[in-house]
Structures are given as structure tokens and as C-alpha cells.
Protein chains: 6
Amino acid sequence: MQDQKTALVISAHAADFVWRCGGAIALHQEKGYAVTIACLSYGERGESAKLWKQDGMTLEAVKDARRAEAEAAAKALGAHDIRFFDAGDYPLELDRDAKFALVDLIREVQPTFMMSHSFYDPYNTDHMYATKLAMECRMIAQAWGHNPGQTVLGAPQLYLFEPHQTEQMGWKPDVFLDITPVWEKKKAAIHCMEGQEHLWTYYTNLAENRANHFRRNSGGQAGGRPARYAEGFQSVYPRTVDEL
Amino acid sequence: MQDQKTALVISAHAADFVWRCGGAIALHQEKGYAVTIACLSYGERGESAKLWKQDGMTLEAVKDARRAEAEAAAKALGAHDIRFFDAGDYPLELDRDAKFALVDLIREVQPTFMMSHSFYDPYNTDHMYATKLAMECRMIAQAWGHNPGQTVLGAPQLYLFEPHQTEQMGWKPDVFLDITPVWEKKKAAIHCMEGQEHLWTYYTNLAENRANHFRRNSGGQAGGRPARYAEGFQSVYPRTVDEL
Amino acid sequence: MQDQKTALVISAHAADFVWRCGGAIALHQEKGYAVTIACLSYGERGESAKLWKQDGMTLEAVKDARRAEAEAAAKALGAHDIRFFDAGDYPLELDRDAKFALVDLIREVQPTFMMSHSFYDPYNTDHMYATKLAMECRMIAQAWGHNPGQTVLGAPQLYLFEPHQTEQMGWKPDVFLDITPVWEKKKAAIHCMEGQEHLWTYYTNLAENRANHFRRNSGGQAGGRPARYAEGFQSVYPRTVDEL
Amino acid sequence: MQDQKTALVISAHAADFVWRCGGAIALHQEKGYAVTIACLSYGERGESAKLWKQDGMTLEAVKDARRAEAEAAAKALGAHDIRFFDAGDYPLELDRDAKFALVDLIREVQPTFMMSHSFYDPYNTDHMYATKLAMECRMIAQAWGHNPGQTVLGAPQLYLFEPHQTEQMGWKPDVFLDITPVWEKKKAAIHCMEGQEHLWTYYTNLAENRANHFRRNSGGQAGGRPARYAEGFQSVYPRTVDEL
Amino acid sequence: MQDQKTALVISAHAADFVWRCGGAIALHQEKGYAVTIACLSYGERGESAKLWKQDGMTLEAVKDARRAEAEAAAKALGAHDIRFFDAGDYPLELDRDAKFALVDLIREVQPTFMMSHSFYDPYNTDHMYATKLAMECRMIAQAWGHNPGQTVLGAPQLYLFEPHQTEQMGWKPDVFLDITPVWEKKKAAIHCMEGQEHLWTYYTNLAENRANHFRRNSGGQAGGRPARYAEGFQSVYPRTVDEL
Amino acid sequence: MQDQKTALVISAHAADFVWRCGGAIALHQEKGYAVTIACLSYGERGESAKLWKQDGMTLEAVKDARRAEAEAAAKALGAHDIRFFDAGDYPLELDRDAKFALVDLIREVQPTFMMSHSFYDPYNTDHMYATKLAMECRMIAQAWGHNPGQTVLGAPQLYLFEPHQTEQMGWKPDVFLDITPVWEKKKAAIHCMEGQEHLWTYYTNLAENRANHFRRNSGGQAGGRPARYAEGFQSVYPRTVDEL
């Protein structure tokens, strides 16, 4: 029997979870959830430009550096666990065995909710591949005939976190989360991404502006909830409730 | 200061609220909300075929009959209040004064949430007109310069209730509400609609099938929450939360 | 009791019906339908550039010229009837009385199917207004309480005929009609539009290319039905059939 | 030369064809079509929960049971033939050889129309994979260079049958089929699905409600064709006709 | 004959043009365009909360204050002209005469391009009404029969500027404009909006983040054009070019 | 350092580039671009019906014939280069090595812009697969860790050229290119496609009608640029500009 609430974040590359849902990770961890992060690749080929500009760089050295950063960021967020699938990037590709390893993790975690990328991303096909995979493995984890005897998965929500250029990706948030209480943790995690200083300001600006949207939607011009930092998410499945 | 939670249902014709959100009305009323229903017309011209087939029928007689049915249904649901705007149907049309009367009601109720029709309805343009109106009057009710001194509206959610042929209307529910505890009340309200017996079975079938969707989305094949009757709604605005 | 099949074309401006569904009019007329054309305006302000370039032109003279052309085209197509609403164009606007006159016509014709413009047209707001009107008046014509005693309308299909730049209008044909047998009639009707010779070639090209689509969809690369001229239409409502 | 009309249903899992198009199968069979059903998998892993809850169950035993049910259902519907591809489920995957086997079947059947799942299904990626496959194999079957000498495929319509939660799948029916004459056969086929009694009522409710939509679209409030059971389908390709 | 390039911005409320396209106005003015701003209302009822919170405020006093701010902002941007239609807000409504006054302005300016709001805005129906109006009046201005003798309008692009919550409005930018050279002017114009200090930071953050998008789309990870501030726009009509 | 402007066309089958962007190739070549065409397959199985109807035809003979035609067409257009990937068609499939070969070509060309098929094509899954591939390989070519030391790709626009039935493919052009100056070259290239004479007229009609759209969008009814032949394209990514 499972008493603890849990969450599973499926991140195509090592750093994605920091920018896109670092606040959600830290906040739910503080609320007693055990949040596990699955990094399908290290982003070693496609998202490590700064490292590759150094002389004599090797693929393994890039992976090691990216892994260290991701672990530091996960720690800064207080995440319960971080797992690396090392499935390669640009392009990201998981074969049948790798998919089943992800299914194993889903069943191990039994997440209350899951998170992944937007449905569509014409700039980065790894991102939409990860989301496709998240839906497929969620389905396999629900199958009674997959590793019979294991506890099958229920019906966790899948939240799509914010992509880089939302309008180009057709991503539309239907829920805003107030991350003000954990902003310092997200900021610390962001600062672990040493090769990407140019994005620090970007994601700080974004969190401030999403807080404006939070305030608008919680109170209109009459004055809403005074959030200072927020994150937005798009839900894949309908909610089931006892009160609207 | 407002302590009580409230809701406002904007119904194009007198009977719409019964089929489409009778369960939500009864359920929230039981939970302590004061739910007000606004009937913009009686559906006297376009949704009263049975009455018009009687000899010597007049417009006033149809209105009276439809009003009586709607009041009986509202009572069966335990609704706090029902208001009639008598704005005419097929087509429904509200002039500036009538719009402002609806704004007055919105401000009087100060709803925690609002409800109306789907965005689109190629079978019934009154329905989509009512939704357009709900959005417009919500905006006016938020304006500090409209009747200065009155309490302006906050940012209530607008839920779009289920239209008759959902796929033709492009309506997509993002929340299912378990109405099992109040099904008998909804059934009683449905039975107040004497001219439309052929729809009684239709909406009972629908409530049962929506409960299947509730179960699927609350637990998948692993077995979800055992709802027996449910209603679905589409949210217009994003939610603002402290926990996903 | 109605034995004859009928159709009603609702055209925003006097010439629209010629280019967009002249073939369908002629073909169905040959098949025994009585096809009525409703021209909501003469296109006198916005679609009569050539006439306005003449010295001393007046609004009435333009209307007369456009009406004469439209009547000649209707005759060339063998249409049963053509009615002019003279509601003005750029912008087209029908008040309540004019709408009810259109409802009267719909009930008089009792169309087996109706035709109008695309849902969307950012170049010409009269076109989308006409479609909105067609849906609204179809609804009113179905109301038992509108002019009680008249025969109410059933549920005729509404076909949206082809707009000028289909992709910009989001128009998608779901049915292609072989108009080869009546092409000479459509050509004759097109030639009645003396002020718009530059469009003669355009719509001939289009009819030939739509025939290619007809062939593709009737037989693929294996070789389909040898249509030489075709028109495409988008259906608003689902069909009801006994065989697929 | 082919005189007989034929149809081909491509079903991801063994039971899909029963719920979603059992009526269409039985009806067209009665009208003289030879309807062939292709079951790409038995649904042995993902759609056989009840069997897996039994002690000592094996994959082969599940497959056998599901196959027997599917064969019984096909017989109840009077289907011409049922073929099993045993390609595995959760996830369903066909390699090049398996795809070509499906192409072989398409060419063998030379279907007047084809049927498969909705384009999109975030709950069940096997379903959308089957549709993708149906489109791909339809294309290959049309290629003159694939197994030269065989009769190539024409341009059969592909109907998408009704998924479980239509709005979540973005499925929109454009044709309703009256299955009243064969309802008892569909009911008998449904009752062959012994492990899924909870769905018997669901799909009976659905068939009744789709009949309401059939009536609405065949006659409006004026009273349409008195269908009591119906199924809905979405067409992928435009129709080609001689009369609207 | 017209030698000077011109632009026309159609703004629903007095301040909209500042936040949404202040950079485009200042930049094109510097490039030799004459940019005219049309403020359809002062935003006196719905976007002047701070003023209404003052004792004894009147509608005229609010209008005067908002007009002064808008004029100061237009001056800070170096705009060629600003015109006020005083058509009222919440709701904004233009009758036939007011529409024709807007048509007069369009013909007077003969804009090389036009600007207005997003197509859709469920928070603010005035915004989408202004866009609808811009399209309708653009069409009327093209009509040879409207005020015959005047120079008719050509086919200027209509750019939709950025709404407040882009994803909720379904707005998708297809062009980013580097406004770095005129940022100080936009900043000065923003600072004219004394009642809305909370938005100063918001729109500065936004301009910085749009510059990130500019850099990404001009050069990818390889390093693009070093814009520091940018604005995004959605085009309504296709472009016509001699080189891609 | 790269001084010359370049373009890369990714064509699923050998003949696609001729019909869909032959004008763009010839025009940009005349303007000093070096345009390279990548034919992923020869269309040997699925788009060579006429050849397969000859006795004793073999796959190699079809490939040779199609290659010769494509080379002749490329020459007629004055294209800089044409490369054949021979990856097979119906279905088209590129494994990891073949993808990387395409990445190599992209890096070799360093295109100012790229071209490929529409996002969606229910008639021809090879087409949408080619577009998916174009986006994926564009991403890989941007990765600093892919073949470190090579020059990485910038952010070239990806234009989607016109599919055969635009509305069925959901393709929407946002730019029209005047190809009048090179029409004779495109015509010559079209005439290289000896097996497809029935398409010569089709694509001539289309080019004439697209020129009408060019004229409309460059000048409205006031009279636009007098293009006689045009091609349309849909952009995947936003543009970045200094002037609108």
C-alpha cells in the first residue's frame, strides 16, 4: 500500500527539468511528495555547446559534466531521486528494452502525477519524442499482462511543462502554480547550469511574468493572490472532482 | 464581505440548465454554495414544439408554461434562486440595457464560478450567443468605471457545460464531476420537463457514460473512483493552485 | 406535402453563386431539383469596381447592372428562381425584419439542402456574415413558435461553397461534385459577368483542377472516374445513412 | 473483375471491432458486402485484465481466450472473415514484413471502404498507431511497383470508428449509420466479450444516444428518421458524388 | 501619389499601443514612416482602476487623464499622429457612422501596414471586437463604391500585436522585430502610464525574452543577431515576395 | 566563411521538387543562390505507374529512368546540384546512418533556407515522413557534439512547399513567390516528366491561379503586382526582421 504522494518528471535532456518545472519539484517535495526525475539523455551532443568549444573535449567528459550539473540541481531542489537513462540525444531514441526500463521506473514510483514536454516542438524533436514516450510507457505500465504480478499503474495526470517558445509549440497552460515559497531553491538550481548563464535572466523574467498571470487568473483587476513567481502547465487528461 | 460561496448559471433557454448542469447545481447547493440560475429566455419559440402543437396556443401561454417548468426544476435541484430575463429566443438578443441587467446580477451574486454553453453550436446560435454574452458581461462586471462604487467582480472560472452533440460543437471536457450523491434530484428536475420525455433516457444514458469516463480518469484499468453518474465541463480560464 | 426536391443558395453578393456553385445549381436543376438563389446584396459597393470607374456612375445604376447580370447568369444555369434582398454590402447587414424575410424564404422553399460561404474570410467579412446568417435563419425556420401554423423546416445540410483563397479561409472540402455534364451552362453563366473577365480563366482552371481531385478520390493512381470539371463543398452537419 | 462489395476493418486489439463498428459490420454483411476483420493483436497484455487476475495465467492462454471471443463475436456479426496478425500489444509494433502482410490482405480484399481507429488517442497509443498503419499500408497497396503484377488498390474511404472518449481524442463524426436492423447481432457480439460486462451497458447507452443524433440530423425538431440504434464515423477522405 | 510609407495602429483602449507595439511605432517612425495611432476608446471604464479609486472621480476626468497619458506616450514614441474615437469601452461599440469614420481615417492614412489586437481574447471582448472591426473597415476602404472618387485602399498587411496572455488567446507570432535601437523611447512611453507601474517590469521582461526568441530564430545555437529587446507580431495575410 | 547564399530542397520522391518548388529553385539560382536538391528516393515503387505498366520492367530500370528525368529537370531549372539517397519509397525509411548522411549534406550546404513537404498528408505518408526528417536532421546539424569540429548549422527557415490537395493536408501558404521570370524554366522541367503528362496542365493552372493570389495580396482590388505565375509556401519558423 502506498501512503506517500509521488511524482515523476520525464526530461529529455539533463537540464530541461530545471528551467521548466524546478519550482514544481521543490514545492511538492516540501509538501511531502517524493519527486523522481528521469533524464533520458544528458543533452551531451545537442545542449552542451559551451563544453564542446573547449579543446580536446570528449563525449564522456561532456556526459560527466552534464550529469554532475543535473545532480547538483536536483539536490538544490530537494528532489527525492534522479535517474539517468543515457539514451543519447539529437536524436533521442529508446529501443524496446529502454522503454521497458522506463515502464519499470513508472511502476516503481507509482506517480500521483507525471510531467514531460510539450506535444509539439519544431525546434527540438527530442522533446516531442519524450512526450510521446511518456504517454506510451504510461499505457504499458497500466497493462495487467506486462510483468504480471507487479502493481499496475493507475491513471496519473500528465502535465506538460513550459517549452522555450510556447506559441510556436502550440502549448497552452491550463494551470498556474505559485512557486514563490521555493523560488530561492529554483534559483539555486538554475545557477547550477554554469554553461547557460544567458538563460538565467530569461527564466527569472519568465517566472515573474507567469506570476502576473497567476494574479490575473486568481483575482482579475480586483487584485488576485500576490504570487511573485509561478510556473504554468498544460494537462493532458481531464480531472475528476467532487467540487468545481 | 462575502463568506458564502456562490455560483451563477447562464442558460439561454429555460430548460438548458436542467440537462446540462442540474447535477452541478444540486451538488454545490448541498455543499453550501448559493447557486443562481439566469434564464435569458423561456425557449418559448424554439424549444416548445409540443406546446405549439396544441390548438389556440399563444406566446404568453407558452412562456408561462415553460417558466413554471423551470421553476419546478430549480426547486427540485434546491437552487438558491432563478431569474428570468425574457429576452426572446430564436434568435436570442440582448440590447445594452439587458446586458447591463445581466452585469447587475453578476455583481449581485459575485459568483465563485460561472457556467454557460459551448463556444460553438451550428445547430443553435442562441447557445453560442449566450456564451459570448457571459464573457462580455463578466468583463463589464470587472470594470471599476461601470457603476462606480459597486463591488467589482474578481476572476471567476467560466465552465462550459455539455452541449447536445459534443463533437459537432468542438466541446472538450477537462473536468468530470461526480454527481452520484444528487442523482435523484437531477432525475426529479428532468421529470419536470414534461414536454420532452424523449430526452429523459438520453440524459440518463449520458450521465451513466460520463461516470465511466470519471472512473477511467480517476483510476484507469486499475479501477478508479466508483462514480455512477457524472457531468463534464470545459474550463475557459486557467486555474491557479498551490499544489498540482 | 412536398414531392419535389429543392435547394437554396444564399449568396452575399450578386455574383458569388456563379463562380462558387454554378455547376451544382445547373446539375441539380437538371436532376429535377428546384434551385432558388438568394442574393443578399448586389455587391454594388464592393464588387463592382469596373462600373464605378465609369463617369457619372450612381448606386442605383450599379445595382441595376449587377442585378441584370445575376438574372442572366441564373437563367443560363436554369435556376428555378432568384430573389434579391438588397440589404447593402461592404458591410452587409440584415436587421430583424430582413432576417425574418430570409426565414420566410427558407420556409417557402423547404430546401433539401442549403448552400452558403465559408465560415471564415479575413478578406471579406460579408461572406462570413452571410454564413452566420444562414445558420441563424435555418434555426429560426425550425422553430414551431415562429409564425405558428407554417410548416417548420427539417434539418437540411448546409454546404459551404469554395471561397477565393481556400487555405486562408480554413475551408476544407469533404465532397467533390462532378459538374462535367453542365460545364457549358456554368461557362455561359460565368460569361454573363462582363466586368470580371480576369476571373473567367481563374475559375476554369479551378474547375479543371478540382476534377483532378475528383479523379484521385474516386480511384487513386489506379484511375478514377473521368470527371473533367468539378466543384468542392464543405458540409456543416453530419450525414445520416443506411449504407456507408 | 470484382463484383462483390467488400470492407476491411483494421482493429488494434481483438475486441475493438465489436464495440466500435459491430453494427456497421453486420449491416453491410446483410447488404451483400463481404466484411473482413484484421485484428493486429489479441489485446493480450493490455486489454485482458480480468484474465490476468486468475492464478497461473499465461500469455498463450490469454491469447487463446481472446481469440476465441473475437471469433465468436465475428460469427455473431456474420462477418465474412477474421484474420489475426498477432503483432503484440502495449505496445503494438509491426515491422516491415508485418506491414507487407497487411498490404497483402488489403490487396486480397480490395475493400470498397476501410475502417480503423481515431487519429489521436492519448490513453492508448496502439490505437493511433493502427490508424497510422492503415494509412501507410493503404498507400503501399496503391503502388504499382509493390509486387508488380498484383491488382493495385483504388481509393477506398477510410472511416475512423468511435473511440472511447471522443472529445479527448478530437474525433468528430461526419456520418451516422442506422444500425437498428442489426442491433440484436451487435448485442450478441457484445455479449461474447465475457470479461467486460461493465461495458455492455456503456455501449448500449451509446448506441441509443447516437440514434438520437441520427434523428436530429435527419429531421431536426420536425421529426427525423426513427432510428433506435446508430454508430458514428469520421471520414478521412472527401467523397466524390454526382448528386449532393 | 504617395511617396511616404505609413502605418496605422488600431488600439481598443488608450494604452494598448504602448505595451504591445510601442517599439514598432518608434522604429518605423525613425525609418521614415508616418505612423498614426487610432484609439477607439480611452479605456475609461475598464482600464482605469487606479483613477476610479480616487474620491469624486468622474467619467470625463478619467477620459481626460487617459487621453493625456496616451498623447504623452505617442509623443515619446515620436508617432506622427494620434486620433481618438471616444467610442466607449467595456463594451466597445462602433455604430455605422463610427465605422465609416474609421474607414475615412484608413483612406486618409493609406497605410503600408496596419496593426491591431489578437483574433481571440476571452478576458477582454473589446480587443477581439477591435480586430474584427479592423478587418471589416479594411474591406470597406477597399470598396470602389464607398465614397466614390476617393482613393481606395490597397492590400496592407494586418499585424496582430501581442496580447497579455498569448497562449490563452491562441496568438502565434510569425515575425519578431528588433526594437533595440528604440528601446529608450518605448521605455519612456511606458513610463507615461503612471497608473500601471506594476506592468512596467512585466513588459520590460517580455521585451528581453522576445529578444531571446529573436536571437534563436536568427541564428540558433550557433549564435544569432544580438538583439536585446524585441516585439512579436502575427500576420493575417500572406506576404508577396520576389525572394524568399 | 560563407559568402554565397544557398538553399536545400528535401524531396521525398524524385519528381516532387519539380511540381512544388521548381520556380523557387530556378529563381533563386538566377539570383545567385546555389540550390541543392536532395531526392530521398526515386519514387520507384509508388510514383512510376506508367513504367510499371510496361512488360518486363525491373526496379533498377525504373530507378534509372526516374533518376534521368530528375537530373534533366534539375538541369532545366539550373539547379546547382542534385543528390540521390536511394532510401526506398512506399514506404520511405531512413535508418540512423542515412539520417546522418542527410545531416552531412545539410552541413555541407549550410542552407540559407530549406524546403520540404507539408506537415500532414493522409494520401502519402512518405511526404510527412520527409518533413519530420527535415526537422530532425536540421536539429542534429545544429548540435555542437555531432561530429565536433564541423561548422554547425544556424537557424535556416524551413518552407513547406505546396502539396497536391492543400486543404486535405491542412497546408496554409503564408508567402507567395512571383516566378514569372523563370516560368519557361519550370515549364521545361515539368516537360521532363514524361510519364505524367496529365499533371502538366494541372500545375500550369495552379501557377496561374497562385499568381492571382499574389496579385490580390500585393494590391487588393486596387490592382496589385502583375505576376503571371506564382508558387506558395508555408513557413515553419518565425522571421526576424528590422522592418515590417
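Note that this is a predicted model, so its numbers are computed, not measured.

Okay, the side chain of Thr131(E) next. Residue and element names in this part refer to chain E. Here Thr131 lies in helix H5 (residues 125–141). Overall, Thr131 belongs to the buried group, its relative accessible area being 1%. At 3.0 Å, the side chain of Thr131 forms a polar contact with the backbone oxygen of His117. Beyond its immediate chain neighbours, meaning those up to four positions away, Thr131 contacts Ser116, His117, Ser118, Phe119 and Leu160.

This next bit is on the sheet that holds strand E8 (residues 239–241) of chain A. Spatially, E8(A)-E6(B)-E7(B)-E5(B)-E4(B)-E1(B)-E2(B)-E3(B) is the arrangement adopted by the eight strands of the open sheet, whose pairing is mixed. Whereas interior strands pair on both sides, the edge strands pair on one side only; in this sheet they are E8 of chain A together with strand E3 (81–84) of chain B. If you compare each strand with its neighbour and ignore which way they point, the axes differ by 25° on average. As paired strands, strand E6 (residues 175–178) of chain B and strand E7 (residues 230–235) of chain B are joined by four bridges and run antiparallel to one another. When the bridges of E7(B) are listed, Leu177(B) appears paired with Glu231(B). Most of the contacts of helix H3 (residues 59–77) of chain B go to E3(B), to which it runs at about 160°, and overall it touches strand E2 (34–39) and E3 of chain B. Against the sheet, helix H8 (residues 197–219) of chain B makes contact with E8 of chain A together with E6 and E7 of chain B, and its axis sits at roughly 110° relative to E6(B), the strand it touches most.

This next bit is on the side chain of Asp89(E). Residues and elements named next belong to chain E. The topology assignment puts Asp89 in the loop between strand E3 (81–84) and helix H4 (96–109). One buried charge, Asp89, has no salt-bridge partner; the nearest side chain with opposite charge is Arg45, at 4.2 Å. Here Glu44 takes part through its backbone nitrogen, which lies 3.4 Å from a polar atom of the side chain of Asp89. Here the side chain of Asp89 touches Gly46 through a polar contact of 2.8 Å, landing on its backbone nitrogen. Leave out the neighbours within four places in its chain, and Asp89 touches His13, Ser41, Gly43, Glu44, Arg45, Gly46, Glu47 and Asp126.

Across the boundary between the two partners, chain B contributes 38 residues, which contact 38 residues of chain A. Both faces considered, chain B and chain A share a buried interface measuring about 3,200 Å² in area, 54% of it formed by carbon and sulfur atoms. Taken as a group, Arg239(B), Asp242(B) and Leu244(B) account for 24% of the area that chain B buries against chain A, more than any other trio of residues on that side. The partner of Asp242(A) in a salt bridge is Arg225(B), and the shortest N-O contact between them spans 3.0 Å. Secondary-structure elements contributing two or more residues to the side of chain B that touches chain A are helix H1 (16–30), strand E4 (113–116), E6, H8 and strand E8 (239–241) of chain B.

Another point: the relation of the copies chain D and chain C. Under the fitted operation, chain D is carried onto chain C by 0.0 Å of movement along the axis and a turn of 180°, and the coordinates agree to an RMSD of 0.0 Å. With respect to symmetry, the two chain copies, as superposed, fit the operation of a two-fold axis. Relative to the rotation axis, the closest C-alpha in chain D is found at Asp174(D), a distance of 4.8 Å. Of the interface residues in chain D, 100% have counterparts in chain C that sit at the interface too, so the contact is made through matching surfaces.

Glancing now at the pairing of strand E6 (residues 175–178) of chain F. Within a regular strand, side chains alternate between the sheet's two faces. Burial along E6(F) is two-sided: the residues Val175(F) and Leu177(F) and Phe176(F) and Asp178(F) are all buried. Sheet analysis places strand E8 (residues 239–241) of chain E next to E6(F), joined by three bridges and oriented parallel. The partner of Arg239(E) across the bridge, within E6(F), is Val175(F).

Residue and element names in this part refer to chain F. Over its 14 residues, helix H4 (residues 96–109) extends 20 Å from the first C-alpha to the last, a length consistent with the 20 Å expected when each residue adds 1.5 Å. Among all positions of H4, only Lys99, Phe100, Leu102, Val103, Leu105, Ile106, Arg107 and Val109 are buried. As for H4, its buried residues are in contact with strand E1 (6–11), strand E2 (34–39), strand E3 (81–84), strand E4 (113–116) and helix H5 (125–141). The backbone nitrogen of Asp97 has a side-chain oxygen 3.2 Å away, supplied by the residue at the start of H4, namely Asp95. In the segment just after H4, Gln110 is the residue with positive phi, at about 50°.

Counted as a void, the second largest pocket has a volume near 1,300 Å³. Forming the boundary of the second largest pocket are 48 residues, of which Arg239(A), Leu244(A), Tyr159(B), Arg239(B) and Val241(B) lie nearest the centre. Broken down by secondary-structure element, the contributors of at least two residues to the lining of the second largest pocket are strand E5 (157–161), helix H8 (197–219) and E8 of chain A together with strand E5 (157–161), H8 and E8 of chain B. The residue makeup of the lining of the second largest pocket, split by class, is 22 nonpolar, 15 polar and eleven charged.

For the rest of this paragraph, the subject is the packing of aromatic side chains. Taken as a whole and judged by the stated rule, the model has 54 aromatic pairs over all chains. Ring centres 4.2 Å apart and planes at 0° place the aromatic pair Trp183(E) and Tyr229(E) in the stacked group. Note that Trp183(E) is positioned in helix H7 (residues 183–191) and Tyr229(E) in the loop between helix H8 (198–219) and strand E7 (230–235), a separation of 46 residues in sequence. As far as burial versus exposure is concerned, Trp183(E) and Tyr229(E) are alike and both buried. Of the aromatic side chains, those joined through ring pairs into one cluster are Tyr33(A), Phe113(A), Tyr159(A) and Phe233(A). The ring of Trp144(E) has Lys53(C) lying over it, and the distance from NZ or CZ to the ring centre is 4.6 Å.

All names here are of chain F. In the contact formed by helix H1 (residues 16–30) and helix H7 (residues 183–191), the axes pass within 9 Å of each other and the chain directions differ by 135°. On the basis of the axis angle, H1 is oblique to H7. By crossing handedness, the relation of H1 to H7 is classed as right-handed. Where H1 approaches H7, its residues Val18, Trp19, Gly22, Gly23, Ala26 and Glu30 are matched on the opposing element by Lys185, Lys186, Ala189 and Ile190. Taken together, the residues of the contact of H1 with H7 break down into five nonpolar, two polar and three charged.

Residue and element names in this part refer to chain B. Within the fold, Thr58 resides in the loop between helix H2 (49–52) and H3. Relative accessible area serves as the criterion here: at 42%, Thr58 is assigned to the partly exposed category. Linking Thr58 and Ala188, residues 130 residues apart in sequence, is a C-alpha distance of 28 Å.

What counts, and at which threshold
- Residues numbered from 1 in each chain as written.
- Chains lettered and ligands numbered in written order.
- Predicted model: local features only at pLDDT ≥ 70, side-chain atom pairs only at ≥ 80, totals over all residues.
- Heavy atoms only, no water.
- Helix = DSSP H or I, 4+ residues; strand = E, 2+ residues; numbered from the N terminus.
- Buried < 20%, exposed > 50% of the residue type's maximum accessible area, 1.4 Å probe, protein only.
- Polar contact = N/O pair within 3.5 Å; in protein donor to acceptor, adjacent residues only side chain to side chain.
- Contact = heavy atoms within 4.5 Å.
- Pairing = 2+ DSSP bridges.
- Axes fitted to C-alpha atoms, helices over the stretch in contact; angles between N-to-C directions.
- Lys, Arg positive; Asp, Glu negative; His and termini not counted.
- Salt bridge = Lys/Arg side-chain N within 4 Å of Asp/Glu carboxyl O.
- Buried area = accessible area lost by both parts, 1.4 Å probe.
- Least-squares fit on C-alpha atoms with pLDDT ≥ 70 in both.
- Expected span 1.5 Å × (residues − 1).
- 1 Å grid on protein atoms, 1.4 Å probe; cavity = no way out; pocket = protein on both sides within 12 Å on 5 of 7 lines; lining within 4 Å.
- Points joined across faces, edges and corners; volume = space filled by probe spheres on them.
- Nonpolar A, V, L, I, M, F, W, Y, C, P; charged D, E, K, R; others polar.
- Phe/Tyr/Trp six-rings, centres within 6.5 Å; stacked < 30°, edge-to-face > 60°.
- Lys NZ or Arg CZ within 6 Å of the ring centre and 35° of its normal.
- Parallel < 35°, antiparallel > 145°, perpendicular 65-115°, else oblique.
- Left-handed = near helix turned anticlockwise from the far one by under 90°.

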